[in-house]
Amino acid sequence: MKLYKGILYTLAATALLSACSKEDPFTDTDIAGPVGMLRTSCLAPSLSDPDGYLATRAEVPSTDDFTVEITKAGARTPSVTYRYADMPEILTLPAGNYTVKADHGKNPVAEWEAPYYKGESEFTIEENKITEEVEPIVAKLSNIRVTIKFGPNLAGAMSADSKVTVKVGDEGVMTFTSGEARSAYFKHVSNSLSMTATFEGTVDGDRITESKTYDDVKPGNHYTITFKMEPIEPDEDGTITPGVTVDSTVQVDNLNYKVDGETDETLEDDLRPSQGGSEPDPGPGPQPEKELPVAAPVTPEGEFAGYTQLDLDKVNDIDNLYCAWTVDSSAEGGFTSFKVDIVSDTLTPSELESVSLTDKLDLIEPGEFEEALDGLGFPVRIGGTTHADFDITGFLSMMAALGPGNTTFVLTVSDANGTSTFHIRLLVK
């Protein structure tokens, strides 16, 4: 059983002195002034993988193929640039302070399955000494990942030629067809921070175009955009006017640090923050901190003795896992909203439909999904309560049967004190 938190693949460092490409480019006679040395094995980068993406890949980026740049403080250009595998074991450098950067990938403007990783650290070269330790270089995702999903109602009603066109910044454009399951990666440009996803297709005979705009896109974020078909509300007299409404939500996961995912409901144009203008009203000043809803794992007992309990801060291998947790509210009036989004490689909308579920669930108003949720270990109709018990251990067998992949249950919980978001991250190998 393996548990992952921001899985860190520490990749083996190797260095050979025999190859001519690995000779030290400097000697102490080449450099004017005091010199020192660096043992380059301490520069071996590691990869940050908090959502378990690399654990599902057949190939993981190799340390050997990272590009390493070493730049002296104040210099505009690197002192040396190497492919990591070609670095000499000992590197001679002028005494002073340095920054080392390591990156992997091409950082394309827009391309399928093209993550770009980058990390850096700092070190000091002292005269006549060998520097053998450097703060670890953790290479983090440094471009933008986008995945498109379709809600079950929309997926069953839209035409085969339906598509979503995603544009990031001024140049990055990718088109997702209805069957596209891959993620697209976009280069982050600091002065071009908007992203637009436009759905085009025929839905129940009506031609639909629906756009979602997200501002302030950031490198290292995974944007999962789900388009769904909303039911048509009857008029005041009870009649239903023919037509279709397609809406979208955006889930944002920060893949570089502790995940701070949020569900961003579609913003109407007149609700978007204004740009520029006068400074906003600072408000009434600091307020006492309110205790938001909290979640905690449950310790295995009884028939689950010997199983490993869920870790809410890690990606959990479901093999031999006791998957249970609680959520508590200290606010008067208890839970006011309790939503569950299922983001999964294998629990697709069609698979969820086969067990009478969908990928967007409401535990306060479960509607037609109440019986299925209750049977799988999810509490229902919990509005106004202050405690919720989850035990979906029995649900894991279905996930295992579907084969390898990542699944995340995103819980967005609100009470009178505010909103908390929890991510239950599970991995089937």
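If you're wondering where the values come from, they're calculated on a predicted model, not measured in any experiment.

Rules used throughout
Residues numbered from 1 in each chain as written. Predicted model: local features only at pLDDT ≥ 70, side-chain atom pairs only at ≥ 80, totals over all residues. Heavy atoms only, no water. Buried < 20%, exposed > 50% of the residue type's maximum accessible area, 1.4 Å probe, protein only. Helix = DSSP H or I, 4+ residues; strand = E, 2+ residues; numbered from the N terminus. Pairing = 2+ DSSP bridges. Core = buried A, V, L, I, M, F, W, Y, C linked by side-chain atoms within 4.5 Å. Contact = heavy atoms within 4.5 Å. Polar contact = N/O pair within 3.5 Å; in protein donor to acceptor, adjacent residues only side chain to side chain. Salt bridge = Lys/Arg side-chain N within 4 Å of Asp/Glu carboxyl O. Axes fitted to C-alpha atoms, helices over the stretch in contact; angles between N-to-C directions. pLDDT = per-residue confidence, 0-100.

## Re the pairing of strand E26 (residues 324-328)
Move 1: Judged by how many residues are buried, E26 sits mostly within the fold: four of five residues are covered.
Move 2: Across five bridges, the pairing between E26 and strand E29 (residues 387-391) is antiparallel. Opposite Val 327, over in E29, you have Ala 388 as the bridge partner.

## Structural notes on the nonpolar core
Move 1: In terms of nonpolar packing, the biggest core is built from 36 residues, with Trp 325, Val 327, Phe 338, Phe 390, Phe 409, Leu 411 and Leu 426 touching the most fellow members.
Move 2: Secondary-structure elements contributing two or more residues to this core are E26, strand E27 (337-344), helix H3 (370-375), E29, helix H4 (396-401), strand E30 (405-415) and strand E31 (418-428).
Move 3: No other element matches E31, which puts four residues into this core.
Move 4: Sequence-distant contacts of Leu 411, defined by excluding residues within four places in its chain, comprise Trp 325, Val 327, Phe 338, Lys 339, Val 340, Phe 390, Ser 420, Thr 421, Phe 422 and Ile 424.

## Section: the environment of Ser 354
Move 1: By the element assignment, Ser 354 lies in helix H2 (residues 349-354).
Move 2: Reaching out from Ser 354, the side chain makes a polar contact with the backbone oxygen of Glu 351 at a distance of 2.4 Å.

## Overview of the pattern of salt bridges
Two side chains of opposite charge can pair, provided their charged atoms sit close to one another.
Move 1: Across all of its chains, the model carries 12 salt bridges by this definition.
Move 2: In this structure, Glu 132 engages Arg 39 in a salt bridge whose closest nitrogen and oxygen atoms are separated by 2.7 Å. Residue Glu 132 is located in the loop between strand E11 (130-131) and strand E12 (138-141), and its partner Arg 39 is located in strand E3 (residues 35-39); the two are separated by 93 residues in the primary sequence.

## Things to note about the sheet that holds strand E14 (residues 163-168)
Move 1: Across the sheet, four strands lie side by side as E15-E14-E17-E18; this open sheet has antiparallel pairing. Both outer strands of the open sheet, strand E15 (172-177) and strand E18 (206-214), are each paired with one neighbouring strand and no more. Between one strand and the next, the sheet's axes are offset by a mean angle of 15 degrees, whatever the strand orientation.
Move 2: When strand E17 (residues 195-203) meets E18, the two strands line up antiparallel, connected through nine bridges. By the bridge assignment for E18, Thr 196 is matched with Thr 213.

## A closer look at the sheet that holds E11
Move 1: Strand order in the open sheet made by the three strands is E7-E3-E11, with mixed pairing throughout. Looking at which strands have only one partner, the edges of the open sheet turn out to be strand E7 (90-94) and E11.
Move 2: Looking at chain direction, E3 and E7 are connected through five bridges and run antiparallel. By the bridge assignment, Met 37 is partnered in E7 with Thr 92.

## As for the confidence of the model for the chain
Move 1: On average, the chain scores 80 in pLDDT, and the residues at 70 or more come to 79%.
Move 2: Across residues 1-21 the pLDDT falls below 50, and counting only partners more than four positions away or on other chains, this stretch makes 61 contacts in the model.
Move 3: The low-confidence segment residues 257-287 (pLDDT under 50) makes 34 contacts with residues lying over four places distant or belonging to another chain.

## Observations concerning the pairing of E30
Move 1: The buried fraction of E30 is high, at 11 of 11 residues.
Move 2: In E30, alternate side chains face the same way, and those of Gly 405, Thr 407, Phe 409, Leu 411, Val 413 and Asp 415 on one face and Asn 406, Thr 408, Val 410, Thr 412 and Ser 414 on the other are all buried.
Move 3: Relative to E30, E27 runs antiparallel, the two sharing eight bridges. Within E30, the residue paired with Val 343 across the bridge is Thr 408.
Move 4: Sheet analysis places E30 next to E31, joined by 11 bridges and oriented antiparallel. Looking across to E31, one finds that Val 410 is bridged to His 423.
Move 5: In textbook terms, the turn of a hairpin is the stretch between consecutive antiparallel strands, and for E30 and E31 this stretch comprises two residues.

## Concerning unusual backbone geometry
Move 1: Not every positive phi belongs to a glycine, and Asp 216 is a case in point at roughly 60 degrees.
Move 2: By secondary structure assignment, the location of Asp 216 is in the loop between E18 and strand E19 (221-230).
Move 3: Given the relative accessible area of 41%, Asp 216 is considered partly exposed.
Move 4: In the Ramachandran plot, Ser 356 falls in the positive-phi region, its phi being about 65 degrees despite a non-glycine side chain.
Move 5: Relative to the helices and strands, Ser 356 is located in the loop between H2 and strand E28 (360-362).
Move 6: The class for Ser 356 is partly exposed, based on a relative accessible area of 45%.

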